[in-house]
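The primary structure of each chain is shown beneath.
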Amino acid sequence: MITPFSDGGYASGAAALLIGAAFGWFLERAGMGSARKLAGQFYLTDLTVFKVMFTAIVTAMLGVFWLGWIGVIDTANIYVPETFLIPQIVGGVVFGIGFAIAGLCPGTSCVAAATGRIDGFAVVAGMFAGVLGSGILFASLRQFYDLTPRGVLTLPQIFGVSEGLVVFAVVLIAMAGFKVANRIEQRNSAA
Amino acid sequence: MNDDRAIRVLATAALALGALAVVAGSPRKSGPALDVAQLAREVSNESDHVTAVELAGWIRDRKAGLRIIDIRDSASFEESHVPGAVRQSLDEVAVAPVKDGETIVLYSGGGAHAAQAWVLLRSRGVKDVFFLRGGYDEWMDEVMNPRFPRNAPPEERAAMDSIAALSRYFGGVPRNVDSLIVRNRDHDGQASWKAAVKRARGRGC
Amino acid sequence: MRAYSNPYLSGFGLGLVLLSAFVFAGRGLGASGAFASAAAATAAVAAPDATQANDYFARYLSASGKPAIDWLVIELIGVVVGGFISAYLAGRLRRGVEKGPRISNRSRLTLAFAGGGAMGLGAVLARGCTSGQALTGGALLSAGSWLFIGAAFAAAYLAAPFLRKAWT
């Protein structure tokens, strides 16, 4: 695959900066730098997080699928995160609780801080401390961290169906989810 | 509103591309589609496995992209294994990524598990995958401790000598014995030197 | 101060950004990886030997054990720049603390720090956060990423009723 900016040189750095800037731009445009707006997700008053996240996932998923299909990109060369069942479920739970407490996630906390929110800085600092602390204690976390490795495991492999079918299922689920989300927001804003 | 129209267009496009994806199947060219008839042909024309001697030759000649996977339990692997082999469980073999240009050789203790792992990998669309038919037992019998009949005809002697050399390369102990039948009575197939001779003749070289 | 953009259109833009990261850089987006890299660099300055011996930090250092500038660190600097420009152009730059009306600034900042800490631990265990696991792994249909999404949102919804005072 041609990944012109993956060499680690100046071009790679420039690409990282540009891609990051575009990432931050769209997060801010959507209001994802606002902790109150994000917290609304968990009280079902503002489902922006769900809508933005799933639209982005569906867009990128369809893009990867079709660009791979017509041969523009070689999907075998894109690094798919490996699956570790138990650490990822437990990590997800701890992360989710932290998300509800902080009202921001790691990426959006940087946007919040960049736009002047002091609480954004506090989340950034907490996140840094959390990663630093976990890293220092990594020797004791190690055994748990390595539990239940499944290598690169994808949903089509689990369900034993073609990738296309899973892609379509995700699109349909997202569309249904968006309909429900719009309805919930209407109900909760009318109340 | 302008936004609403754009969203409707995007949603329609997403649904259309999603529905077409079902027909398109998989972007990976090898595809997960399992051609059972093709697999059956490979099994019956014996292109699905390697003998221990062939594998030994590949290792000695440093065949490009060769990856040997031991699917026995880790205790057996720690005790001894084919040089250069890595251990993976059947679960890991089922999902482990395979690069283009890799040739994978699977072996288990006897051979049955490796044959099943072969089906797993072939059904994932991995092309160059073989299994050691007699398993690690065959490696020990045919490469590490090969036995040759003393009274072999001269035209077979040459093949035996090359196998003996191969065996010594891996630190094996080739032996000449009076009666092959008695020594190898627990072996189900014919000795691999005989198979090697047959193959060499078949290829006409 | 202008209103925020439509979430679906912003999400579409974000999806295209993620896709271009796949196409041009051969990798997805991330945030917690940048924190890990920064933490490793800090640790390497404070305690070089212990950090090089640490299995978690070592992978974020250069081969010689020196702090390395990771792709994700530059990307996250980009996030800060992009977020700032967008907010500036929309007149949304505002110094302050975002919180519910029933909680003090001090409590909000304490919670923000604590929540950040929990997310740090969670992201280490799960090998990523909302960016690296949920967005990137989600789009690539990784099973572990979807497990992470499910677990994180389920836990957040279960925790939310206990945190009502902080937000409403």
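Residues numbered from 1 in each chain as written. Chains lettered and ligands numbered in written order. Predicted model: local features only at pLDDT ≥ 70, side-chain atom pairs only at ≥ 80, totals over all residues.

(A) Quick look at the overall build of chain A. Tallying secondary structure elements over chain A gives nine helices and two strands in all. When the helices and strands of chain A are placed in sequence order, the string is α-α-α-β-α-α-α-α-β-α-α. Within chain A, buried positions represent 59% of all 191 residues. Here the contacts in chain A between residues at least 6 apart in sequence split such that 59% fall between residues at least 24 apart. (Helix = DSSP H or I, 4+ residues; strand = E, 2+ residues; numbered from the N terminus. Buried ≥ 20, exposed ≤ 12 C-beta atoms within 10 Å, placed from the backbone. Contact = placed C-beta atoms within 7 Å.)

(B) Looking closely at the pairing of strand β5 (residues 129-132) of chain B. All names here are of chain B. Both faces of β5 are covered, namely the face carrying Val 129 and Phe 131 and the face carrying Phe 130 and Leu 132. As paired strands, strand β4 (residues 103-107) and β5 are joined by three bridges and run parallel to one another. When the sheet's bridge partners are listed, Ile 104 is paired in β5 with Val 129. With helix α6 (residues 112-123) bridging β4 and the parallel β5, this β-α-β connection has right-handed handedness. (Pairing = 2+ DSSP bridges. Right-handed = clockwise from strand over helix to strand, strands pointing away.)

(C) Representation of the interface of chain C and chain A within the structure. At the junction of the two partners, chain C supplies 109 residues and chain A supplies 106 residues. Elements with a minimum of two residues in the side of chain C that touches chain A: α1 (7-25), α2 (32-46), α4 (55-58), α5 (71-89), α6 (105-126), α7 (130-139) and α8 (143-159) of chain C. For the side of chain C that touches chain A, the per-class residue count stands at 69 nonpolar, 30 polar and ten charged. (Nonpolar A, V, L, I, M, F, W, Y, C, P; charged D, E, K, R; others polar.)

(D) Structural context of the pairing of strand β2 (residues 66-70) of chain B. Residue and element names in this part refer to chain B. Of the pairings in the sheet, the one linking β2 to β4 comprises five bridges and is parallel in character. Along β4, the bridge assignment pairs Ile 68 with Val 105. The pairing of β2 with strand β3 (residues 86-87) spans two bridges and is parallel. Across the sheet, the residue bridging to Asp 70 is Arg 87, located in β3.

(E) Broad picture of the interface of chain A and chain B. Each side of the interface is counted separately: chain A has 22 residues, and chain B has 19 residues. Sorting the residues of the side of chain A that touches chain B by element identifies α3 (48-69), β2 (149-151) and α9 (163-190) of chain A as the ones contributing at least two each. Considering every element that reaches the side of chain A that touches chain B, the biggest residue donor is α9(A), with eight residues. Residues of the side of chain A that touches chain B, tallied by class, amount to 14 nonpolar, six polar and two charged.

(F) Local environment of the confidence of the model for chain C. Scored by pLDDT, chain C comes out at a mean of 92, with 99% of its residues at no less than 70. Interface confidence for the predicted complex, given as ipTM, is 0.95, next to a pTM of 0.70. (pLDDT = per-residue confidence, 0-100.)

(G) Structural context of helix α7 (residues 135-144) of chain B. When α7(B) is considered as a whole, its buried residues turn out to be Gly135(B), Tyr136(B), Glu138(B), Trp139(B), Glu142(B) and Val143(B). The arc that holds the buried residues of α7(B), viewed along the axis, is 150°, so those residues lie on one side. (Arc of directions from axis to C-beta.)

(H) Layout of the environment of Ser62(C). All names here are of chain C. Position of Ser 62 relative to the elements: it lies in the loop between α4 and α5. In this structure Ser 62 comes out as exposed when scored by C-beta crowding, with 10 C-beta atoms within 10 Å. Residues Ser 62 and Gln 52 lie ten residues apart in sequence; the distance between their C-alpha atoms is 9.7 Å.

(I) Geometry of the sheet that holds strand β1 (residues 49-50) of chain B. Residues and elements named next belong to chain B. Taken in spatial order, the five strands line up as β1-β5-β4-β2-β3 in an open sheet, and their pairing is parallel. The sheet is open, and its two edges are formed by β1 and β3, each paired on a single side. Sheet topology note: the β1/β5 ladder contains two bridges and is parallel. Paired with Val 50 across the two strands is Leu 132, which belongs to β5. Here α6 sits on the sheet in contact with β4 and β5, set at roughly 175° to β5. (Axes fitted to C-alpha atoms, helices over the stretch in contact; angles between N-to-C directions.)

(J) The environment of Ala52(B), seen in detail. One can find Ala52(B) in helix α3 (residues 52-60). Residue classification places Ala52(B) among the buried residues on the basis of 26 C-beta atoms within 10 Å.

(K) A look at the packing of helix α4 (residues 85-102) of chain A against α6(C). At a closest axis distance of 7 Å, the pairing of α4(A) and α6(C) adopts a crossing angle of 165°. When the axes of α4(A) and α6(C) are compared, the pair comes out roughly antiparallel. In the crossing of α4(A) with α6(C), the sense of the turn from one axis to the other is left-handed. Mapping the contact onto sequence places Pro87(A), Gln88(A), Val90(A), Gly91(A), Gly92(A), Val94(A), Phe95(A), Ile97(A), Gly98(A), Phe99(A), Ile101(A) and Ala102(A) in α4(A) and Leu111(C), Ala112(C), Ala114(C), Gly115(C), Gly116(C), Ala118(C), Met119(C), Leu121(C), Gly122(C), Ala123(C), Leu125(C) and Ala126(C) in α6(C). Among the residues forming the contact of α4(A) with α6(C), the class breakdown is 17 nonpolar, seven polar and no charged. (Parallel < 35°, antiparallel > 145°, perpendicular 65-115°, else oblique. Left-handed = near helix turned anticlockwise from the far one by under 90°.)

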